[in-house]
Every structure is written in C-alpha cells, then in structure tokens.
Amino acid sequence: MSANNEPNIVAFLCNWCSYAGADLAGTSRMQYPSNINVIRVMCTGRVNPLYVVNALQQGADGVLVSGCHPGDCHYMEGNYFARRRLGMLKDLLEYVGVDPRRFHMSWVSASEGHKWKEVVEKTVEDAREAGPFEGFRRRQIDW
Amino acid sequence: MSAMLLNKEKWPDFVEKLAGKTIWAPQGEEAEMRFAPVTEGEAPALEYGNTRVPPKQAVFPQTETMFRFQLGGEELEIPKLEEEAVLLGVRPCDARSMAIVDNLFSWDENDPYYFKHRELLTLVGLTCTEPGLNCFCTSVGGGPASKEGLDLLMTDLGDQYLLEAITEKGEALLKAAGEVLEDAGDEQIKEKERLTEEAAANIKRNVNPDGIPEGLPGLWEDPLWQRVSASCLGCGTCTYLCPTCHCFDIQDEVEGFSARRCRTWDSCMFNEYTMHTSGHNPRPSRRERTRNRINHKYSYYVDKFDVIACVGCGRCINLCPVNIDIVDILRQVKEAL
Amino acid sequence: MDLDKLRETAAEVAARDDVKYLIGWEKGSYGYRVAPAFAEDADGTADMIFSPLCTANLATYLTLVEKLPLPRGQEPDNRKVALMVKGCDSRAVAQLLVEKGIHRDEVVVIGCPCPGMVDPALLSEKYPETEEIAELKWSDDGFIIVRNGEETAVPREELLAEKCRLCRYPNPVVSDIMLDEPVESWEPAEDEEVTEIEGKEVEGRWDYWQQEFSNCIRCYSCRNVCPLCYCQDCILDRINPSWVFRSVNFSENTAFNIARAFHLAGRCIECGECERVCPANIPLGKINRKLAREVRDKYGFEPGLDPESEPFQASYKPDDPEDFIL
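What counts and what doesn't
- Residues numbered from 1 in each chain as written.
- Chains lettered and ligands numbered in written order.
- Predicted model: local features only at pLDDT ≥ 70, side-chain atom pairs only at ≥ 80, totals over all residues.
- Heavy atoms only, no water.
- Contact = heavy atoms within 4.5 Å.
- Buried area = accessible area lost by both parts, 1.4 Å probe.
- Salt bridge = Lys/Arg side-chain N within 4 Å of Asp/Glu carboxyl O.
- Polar contact = N/O pair within 3.5 Å; in protein donor to acceptor, adjacent residues only side chain to side chain.
- Nonpolar A, V, L, I, M, F, W, Y, C, P; charged D, E, K, R; others polar.
- Helix = DSSP H or I, 4+ residues; strand = E, 2+ residues; numbered from the N terminus.
- Pairing = 2+ DSSP bridges.
- Disulfide = S-S within 2.5 Å.
- Buried < 20%, exposed > 50% of the residue type's maximum accessible area, 1.4 Å probe, protein only.

1. Concerning the interface of chain A and chain B
How big an interface is tends to be expressed through the accessible area that disappears when the partners come together.
Working step 1: Residue-level contacts link seven residues of chain A with eight residues of chain B.
Working step 2: Here chain A and chain B share an interface that buries about 690 Å² over both sides, 39% of which is from carbon and sulfur atoms.
Working step 3: As a salt-bridge pair, Arg137(A) and Glu255(B) come within 3.5 Å of each other at their nearest N and O atoms.
Working step 4: Applying the counting rule to chain A against chain B returns one residue pair in polar contact (both at pLDDT 80 or more).
Working step 5: Looking at the side of chain A that touches chain B residue by residue, the class counts come to one nonpolar, two polar and four charged.

This is how it looks when you write it as structure tokens:
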C-alpha cells in the first residue's frame with residue numbers, strides 16, 4: 001500500500017479482450033480508480049499462479065486476472081485452463097489465510113469498457129477493505 | 001577453572017543475570033524442538049533429549065545477509081553484529097561440532113561472518129545423561145560431557161546444576177552470576193563423573209572409525225555405494241540437520257531496486273549442488289552424492305584437519321525417511337576394507 | 001499377508017529376464033524402521049516384507065533414478081522395473097501413467113492390498129523405539145507389535161495413520177500381479193482436520209499456517225519424496241527467474257509451500273509421504289487434502305484412478321464452476 005493509503009493492485013490482462021476493454025474504457029473517458037497496474041499477457045492461460053503469489057510478495061495488496069469470456073478465447077481454450085487453475089489457486093490462498101478479497105478474476109471483453117470500470121472499482125474497494133497486506137511482503141522480513 | 005553449584009530454584013535468577021544477551025534455548029514441542037532466541041521473559045526449561053534442528057543456526061544462520069545494496073548504487077551496507085548471545089543448554093556433541101567447523105571457516109582466511117557470531121556467542125553446555133537411541137558420540141571422539149567447544153558445562157545433579165567453567169568466557173559468566181551460585185565440592189564432581197560414565201555406558205550404537213579415513217579412498221568404485229544409495233531420495237534432511245555440515249550457497253536477491261547478497265544453507269545431496277553451467281555434473285547420481293557425504297565427513301576432513309567431521313548426534317539416522325543409517329554404512333565400509 | 005507367498009512371487013519376478021530390478025520393503029537397521037529394498041535377482045528378495053510399517057511409497061523411485069549419459073556404443077538398459085504397491089502407491093503409478101511420466105510397459109506392478117498402515121510417529125511415541133528390530137503384523141481388529149519375542153496387541157484405531165483413516169482405495173487400482181485377495185474397504189473418516197481449518201477466520205488461518213511454515217527449513221524433502229514431483233528442472237531450484245528465493249523467512253516459506261501444494265492440485269494421491277518425511281513436522285497433508293477435496297467436490301475429479309484419463313490441470317470442462325469470477 002502506498003503512502004497515501006491507497007491499495008496497490010496488479011492486474012494481468014489478456015491481450016485480446018480485457019486489455020482492449022480497458023483501452024475502450026480509457027478512450028471512452030470513463031473515470032475509474034488509478035490503483036491498477038496493468039501487466040499485459042497474451043492470454044490468461046499463461047498466467048502462472050506464481051505470478052499472483054509473487055505479486056503479493058512484492059507489495060501488491062490485491063491481484064486481478066482478467067480475460068476473454070468462456071468460448072471467446074483467441075487461442076480457443078486458454079481461459080478455460082486459467083479458470084480451473086486460478087480457481088484452485090483462489091481456494092488455496094484462502095485456505096492459507098490470504099483474504100479472498102485480495103484475488104479476483106473476471107471476464108471482460110473488448111467491448112465491455114463499462115464492465116471493466118465496475119470490475120476495477122470492485123477490486124480496489126475490496127483491497128481497500130482488506131487493508132494493507134504486509135504479512136507476506138518480502139522486504140518486511142529481515143531484508 | 002572453577003566449579004560452582006546452582007540450586008535449581010535459583011535457575012531463573014541465573015538466567016536473569018544473562019540480561020543484555022540474546023538467549024538461545026531449546027523451544028517448542030518435543031517433536032519440533034529447536035534452538036531459537038527466547039522472546040518471553042521466562043527462564044527456559046532444559047529437560048530435553050536433543051533438538052531436531054541443530055543449534056548451528058546461532059553461528060551459521062540458515063540465511064545470512066552479507067550486504068545490502070541498491071541497483072546502480074555504489075554503497076554496500078554490511079549488517080553489523082553487536083549483540084552478545086548465549087546458547088543455553090547446548091548438548092556437548094553440538095558444541096563439539098562448532099569446534100570442528102571452526103577449522104573449516106578459518107582454513108585459509110577467517111570467515112568474518114561466522115567468526116563474528118562465534119566471538120559474540122557463549123556456549124553453555126548441558127551434560128547428556130540420557131543418550132538417545134541413535135547417539136554414537138563416543139565412537140567419534142566425543143562423549144556425554146565432552147568439553148570441546150564449550151565455555152561452560154552444566155550438569156543436572158537432581159536438585160542442582162553443577163557449573164564448570166572451561167574458558168575465560170565461561171569464567172566471566174560465573175563471575176557475573178555471583179551470589180546466585182555456591183561453591184562446588186569434590187563430591188559433586190564425582191557425582192557428575194558417575195553420571196557421565198553411566199550415560200556413556202547407555203550409548204548403544206557404536207562404530208570404530210579406525211582405518212576408515214585411510215581406507216575410504218580405496219573404496220571409490222566399490223559396489224557398496226550403489227547399495228547404500230539405492231533408496232536415497234536425495235532430500236537434504238541428513239545434511240540440513242547435521243551440526244557439522246556447513247555448505248552454503250550465495251545468491252543475490254533483488255526486489256525492485258534494492259537487493260541483498262545472502263548466503264543460505266546448501267546440501268551436497270542436491271543435484272544442482274555440483275551442476276556446472278555447461279550442464280555437466282561431476283556427481284551425477286545419488287551414488288556419487290552419498291559417497292561424497294561419507295567421504296567428506298570421514299576422509300577428506302580428516303586429511304585436512306585431522307578430525308572426523310561427525311559428532312555422532314544421530315540426527316541423520318533418526319530423521320532419514322528411508323532408513324539410511326550412517327552407522328550401518330560405516331560398518332559396511334569396514335567390512336569392505 | 002502371507003510373507004512366503006510375497007517372497008516367492010518377488011523372487012519369480014526379480015528373476016525374469018525382462019526385469020531390471022524389483023523394489024520392495026525390508027526390515028530396517030533398528031527399531032521400527034523399514035527400508036526400501038532393491039533386488040536385482042531372486043536372492044535379493046529373501047528378506048522382503050509387507051507389514052503395517054511399510055509406509056514408504058516406492059513409486060517415487062520410478063522417476064527418481066537418474067538417466068546418466070552412457071559411454072559411446074553402450075546400449076541403455078531398457079528392461080522393466082518391478083515394484084510393490086499399496087493402494088495409495090498404485091494411484092501414484094496410475095497418475096504417472098496419466099502424465100506419461102512412465103509408460104505401462106516399463107513397469108511391473110505387484111499389488112499389495114493394504115489393511116492400513118500405522119503412523120510411525122504415533123507408534124514410537126506410545127511404544128518407544130529401541131535398538132532391537134521390532135516387527136508389526138495385522139490382526140483381525142488391529143496391529144500386533146512383536147518386540148524381543150513379546151507380542152503386544154494394539155487396537156487399530158490407536159495407531160492407524162491419518163491418511164489411512166481417510167483412505168478410499170486400500171486396494172491397488174493398477175497391478176499386474178496381486179499378492180492377496182482384495183481387502184474390504186472401510187468407511188473413510190471425515191476429514192475433520194481440514195474442516196477445522198476451513199472453519200477458522202481468515203486471520204486465524206494465516207496465523208496457523210505462519211506458525212507452521214515458519215518451522216520450514218526448506219530441505220525440499222517433501223518435494224523429493226513425492227512420487228509426483230519429478231520435474232528434471234524444478235521451478236523452485238531455478239535462479240533466473242527466481243520465483244521463490246532461497247532465503248528462509250515467512251514470505252519465502254509461504255510462497256514455497258503454496259507453490260508446492262499448487263503444483264499438486266488435482267494430482268496429489270494422498271499417500272502422505274510429504275508429511276511423514278518433513279523434519280519440521282509441518283502438516284502438509286492438510287493442504288494437499290484440502291486441494292484434493294476441492295477438486296473432488298467442485299470438479300468431480302479424482303486423480304490416479306484411471307490411467308486413461310486426462311490430467312486435471314491440463315484439461316477443462318466448459319461448465320467448470322465459475323462462481324468466483326466477477
């Protein structure tokens with residue numbers, strides 16, 4: 001969490017849908033929280049669960065992974081794999097005591113600028129409620 | 001050097017006299033007991049067999065920051081170690097391991113990190129009166145009341161502890177404790193000797209290492225290595241929990257623009273330990289790695305420093321998941337000689 | 001189990017021309033220890049046993065053996081490896097077949113129907129280990145400890161390992177030779193340990209696991225013993241990129257344990273080896289079983305049953321649950 005007490009969110013967006021969706025939200029001049037740090041990936045299917053863990057370790061208060069709607073994947077089935085994998089990751093993180101509000105996944109298509117705005121608002125709001133995530137930070141401990 | 005008596009009722013007072021120093025003592029449940037700095041004010045209890053994880057942590061931390069730096073910066077920040085520490089109730093075998101490892105870390109150049117920890121540390125030993133199932137310290141030059149490496153030796157005599165100073169540091173501790181202590185007589189020392197002998201007699205496992213250091217090089221290609229390593233899982237338990245194992249790996253850890261260079265424990269039982277950049281591995285299988293472990297402890301170290309790098313604490317035997325038993329291996333080595 | 005029959009079968013298999021060696025169990029060097037045994041010929045099988053102490057999962061060795069470069073002109077020894085399996089071990093074999101970690105014609109599987117193993121830690125806590133080699137046997141309603149010629153009968157409930165309490169597949173699911181009649185499966189117990197942690201508040205769970213993970217010494221025994229952790233180049237050993245640093249602290253230990261558990265999601269066959277070998281006594285089974293439970297309940301999938309099935313994380317169903325998606 002930064003000095004002004006704003007949550008720090010890392011978002012992994014797929015190149016074909018969600019990134020374009022976020023772009024649309026921008027070009028449509030929609031207002032949404034600027035706490036999102038976007039990392040563009042070619043497909044949600046290539047989001048290694050360790051990306052999420054690593055982001056949390058390096059100071060993210062929340063992580064968002066967003067991709068194409070099921071059936072719309074540019075690579076046919078990447079998002080189906082991601083759904084299974086990250087669904088398991090969400091359960092696991094919750095089980096080891098990471099607040100479930102810190103990790104979200106969403107489907108946002110290239111035409112859903114408005115949905116993107118809502119997703120970001122929800123993610124930021126949740127991370128804000130969950131508070132700064134210091135317990136897991138690398139440099140917090142004997143660095 | 002002097003011998004004193006400490007009434008067990010005054011144990012907390014004695015511990016109080018150590019104020020200002022970090023006190024390392026065995027903590028935790030029986031099965032997970034390990035040495036760690038005491039946080040709460042209570043005097044630590046010393047009724048225990050031996051810890052699973054050896055106290056080498058106190059002088060050779062599993063992760064040691066060597067220095068910190070900024071990427072693109074020019075300054076190195078070297079952590080300062082200033083706080084004195086006391087290792088309370090360490091077993092003579094573990095203390096002896098430090099005396100053995102000192103040889104290595106002072107071989108050509110003194111390792112500043114290791115010796116800084118060592119300088120600041122006072123080792124208060126506790127005579128072993130109930131040896132464990134797999135203890136074999138008497139076979140490798142140690143004993144239940146071995147004084148090597150210790151500054152002060154305590155012996156549990158029932159209602160009181162007998163405290164014997166061994167070094168200047170130990171003497172200073174006794175002096176600091178002052179009025180808490182009473183003078184000890186010959187009687188107590190005799191009682192301690194009796195307890196020690198009794199404990200030594202209770203050590204069931206033994207191996208005579210005579211001839212092993214000279215003989216091991218000749219067994220380089222012996223089929224025994226294949227036999228004893230077949231079931232090895234290549235996990236690092238035996239080396240991580242060995243009080244004399246001292247291998248480390250140095251890595252730079254970078255986060256953002258800050259970084260640190262740190263050293264962490266490493267194990268010769270791992271594949272990557274000897275892996276070259278080219279992909280060639282001079283110890284390509286578990287056979288070579290197991291052979292190296294035994295050779296290192298019982299042959300190379302003896303060549304170099306004239307002491308066996310094994311203190312007979314039995315941890316590797318206790319905790320090997322597939323019952324690879326160093327005493328058994330040594331027995332086979334002797335047979336093959 | 002009839003030990004004579006076991007040794008006879010083992011000797012037969014080990015003597016086969018197409019078998020390189022046979023992996024079984026034999027008595028260890030002291031106390032309750034049992035060690036994996038490797039027999040290259042019939043002679044090596046003379047001391048093999050199958051007892052309630054044979055907890056070690058031998059399927060690990062299928063992928064553990066190094067394939068060393070051979071001198072020019074020398075042919076690799078491609079004969080089969082024979083191994084004895086319990087119910088859980090056979091699931092590891094099945095899962096390896098699913099993942100094509102091994103091929104069916106590379107192994108000879110000797111099935112040992114398993115009435116349940118003892119918990120070695122519990123056993124030596126209640127009946128302290130001595131240097132005498134002790135034996136354990138199954139009786140109709142429990143175990144019999146044989147020490148120094150004396151027999152002690154112990155009720156099954158007292159010493160049964162947790163993983164066996166929860167076991168649903170005591171009989172091997174893959175085998176070429178069965179050593180005995182299948183045992184009658186028992187009603188698996190409720191996994192209360194996992195339910196208990198699930199029931200905690202988020203902070204409580206974090207504190208619980210921090211307590212456990214802070215004991216981790218990162219010896220990687222859990223990974224090395226796991227029959228399904230067989231990557232040649234493990235992500236945890238990689239330096240560039242270094243996903244998990246080698247330093248030992250809360251953060252890295254947690255990341256390591258998450259990574260380890262996650263890589264076994266939908267693959268773990270609950271043999272409990274990781275938990276058994278952990279020198280820091282971390283209850284790794286509680287994480288693995290939680291993931292197995294999720295996989296079973298949410299996705300209706302159980303690993304290591306059908307060698308023909310698809311690997312869980314490399315497959316999908318269009319109607320997989322997605323209630324967690326915004």
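2. Describing the interface of chain A and chain C
Working step 1: In this assembly, 43 residues from chain A lie in contact with 46 residues from chain C.
Working step 2: Summed over both sides, the interface between chain A and chain C buries roughly 4,000 Å², with carbon and sulfur atoms accounting for 68% of that surface.
Working step 3: Broken down residue by residue, the surface that chain A buries against chain C is led by Arg84(A), Met88(A) and Tyr95(A), which jointly contribute 24%.
Working step 4: Taken together, chain A and chain C are joined by four salt bridges.
Working step 5: When the shortest N-O distance is used, the salt bridge between Asp91(A) and Lys298(C) registers 2.9 Å.
Working step 6: Joining chain A to chain C, the criterion identifies 20 residue pairs in polar contact (both at pLDDT 80 or more).
Working step 7: The set of elements that each furnish at least two residues to the side of chain A that touches chain C consists of α2 (49-57), α3 (78-95), β4 (103-107) and α4 (113-130) of chain A.
Working step 8: Top element by residues in the side of chain A that touches chain C is α3(A). It accounts for 14 residues.
Working step 9: Here the residues of the side of chain A that touches chain C sort into 22 nonpolar, nine polar and twelve charged.

3. Quick look at the sheet that holds strand β6 (residues 121-126) of chain B
Strand pairing in a sheet is mediated by backbone hydrogen bonds. Such pairs are either parallel or antiparallel.
Working step 1: Spatially, β3-β2-β5-β6-β7-β8-β1-β9 (chain B) is the arrangement adopted by the eight strands of the open sheet, whose pairing is mixed. The open sheet terminates on both sides in strands that have one partner only, identified here as β3 (34-37) and β9 (182-183) of chain B.

4. Concerning the pattern of salt bridges
Working step 1: On inspection of all chains with the given rule, the structure shows 56 salt bridges over all chains.
Working step 2: A salt bridge links Arg261(B) to Asp252(B), with the shortest nitrogen-to-oxygen separation between them at 2.6 Å.
Working step 3: Linked by salt bridges that have partners in common, Asp91(A), Glu198(C), Lys290(C), Arg293(C), Glu294(C) and Lys298(C) make up one network.

5. Structural notes on the state of the cysteines
Such a bond, covalent and formed between the sulfur atoms of two cysteines, is termed a disulfide.
Working step 1: Per the counting criterion, the structure on display carries one disulfide over all chains.
Working step 2: Between Cys238(B), a cysteine without a disulfide, and Cys235(B), which holds the nearest cysteine sulfur, the sulfur-to-sulfur distance is 6.3 Å.
Working step 3: Owing to a relative accessible area of 13%, Cys238(B) belongs among the buried residues under this scheme.
Working step 4: The cysteine Cys234(C) is free of any disulfide, with Cys231(C) supplying the nearest cysteine sulfur at 6.4 Å.

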